[in-house]
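Each chain, written out:
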Amino acid sequence: PETVMAQLNQHSRHLDKNLQRMILIHQETGMRISELCALKYDCLSKDSDSDYFVKFFISKVNKENNIPVSQDTANLILEQQAMVIKEFERHELLFPMPHHVMQMNGKLKKSKNDSIGKQWLRKTITNQLNNLARKYNICAPSGEIWFFDTHSFRHTTATRMINNGTPQHIVQKFLGHETPTMTSRYAHIHD
């Protein structure tokens with residue numbers, strides 16, 4: 001729900017900077033979390049009109065997708081690239097697991113050396129978001145604490161696009177759906 005998204009964005013500054021950027025990019029692009037975690041360092045491109053695009057691999061359908069992103073999202077990617085250079089000098093991933101800390105079972109602890117530089121785990125992201133929800137009382141409209149599932153960001157992105165009048169075939173391409181059937185679920189929600 002938009003009320004939950006507003007609360008998350010209000011308190012996201014309490015998350016690790018890498019995760020803050022991931023969540024903001026996730027909200028705009030609607031990528032699957034596995035696609036976001038696997039984003040390549042050089043995923044951002046700019047066309048001749050100075051519009052930005054993010055290229056990523058959709059393993060579910062075994063193809064690449066290239067979607068437009070806002071200047072704000074491009075800036076987040078550029079910030080993340082600078083952080084990767086600072087921390088790793090060079091890395092193939094845009095979001096390698098940072099050196100400083102990671103979250104496991106609700107507790108912050110030093111990263112294991114075998115986790116550093118690898119992809120973030122869905123469980124780690126979900127744990128950090130749900131700990132944030134509990135700590136800052138991020139609630140559903142019912143008043144109960146919201147429990148995040150990273151796939152719901154994808155639904156939020158699609159629903160926002162449909163609600164803003166984006167044609168269904170564009171939403172289909174944006175999300176990398178092979179057929180209009182999946183995308184039509186969001187159009188049905190809008191109706």
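Overview of the structure. (Residues numbered from 1 in each chain as written. Predicted model: local features only at pLDDT ≥ 70, side-chain atom pairs only at ≥ 80, totals over all residues. Heavy atoms only, no water.)

## Here's the deal with the packing of helix α2 (residues 17-29) against helix α5 (residues 122-135)
Line of reasoning, step 1. As a packed pair, α2 and α5 sit with axes 12 Å apart at the nearest point and diverge in direction by 95°. As judged from the angle between their axes, α2 and α5 are roughly perpendicular. Here Leu19, Met22 and Ile23 of α2 lie close against α5, whose contacting residues are Ile125, Gln128 and Leu129.
Line of reasoning, step 2. Taken together, the residues of the contact of α2 with α5 break down into 5 nonpolar, 1 polar and no charged. (Axes fitted to C-alpha atoms, helices over the stretch in contact; angles between N-to-C directions. Helix = DSSP H or I, 4+ residues; strand = E, 2+ residues; numbered from the N terminus. Parallel < 35°, antiparallel > 145°, perpendicular 65-115°, else oblique. Contact = heavy atoms within 4.5 Å. Nonpolar A, V, L, I, M, F, W, Y, C, P; charged D, E, K, R; others polar.)

## Some thoughts on the pattern of salt bridges
Pairing between side chains of opposite charge can happen when the charged atoms of each approach one another.
Line of reasoning, step 1. All chains considered together, the criterion is met by 5 salt bridges.
Line of reasoning, step 2. The salt bridge partner of arginine 21 is glutamate 79, with a shortest N-O separation of 3.4 Å. Of this pair, arginine 21 sits in helix α2 while glutamate 79 sits in helix α4 (residues 71-88), and the two are 58 residues apart along the sequence.
Line of reasoning, step 3. Since its relative accessible area comes to 11%, arginine 21 is described here as buried.
Line of reasoning, step 4. You can call glutamate 79 partly exposed: its relative accessible area is 42%.
Line of reasoning, step 5. A salt bridge links glutamate 35 to arginine 32, with the shortest nitrogen-to-oxygen separation between them at 2.7 Å.
Line of reasoning, step 6. Residue arginine 32 is classed as buried on the basis of its relative accessible area, which comes to 13%. (Salt bridge = Lys/Arg side-chain N within 4 Å of Asp/Glu carboxyl O. Buried < 20%, exposed > 50% of the residue type's maximum accessible area, 1.4 Å probe, protein only.)

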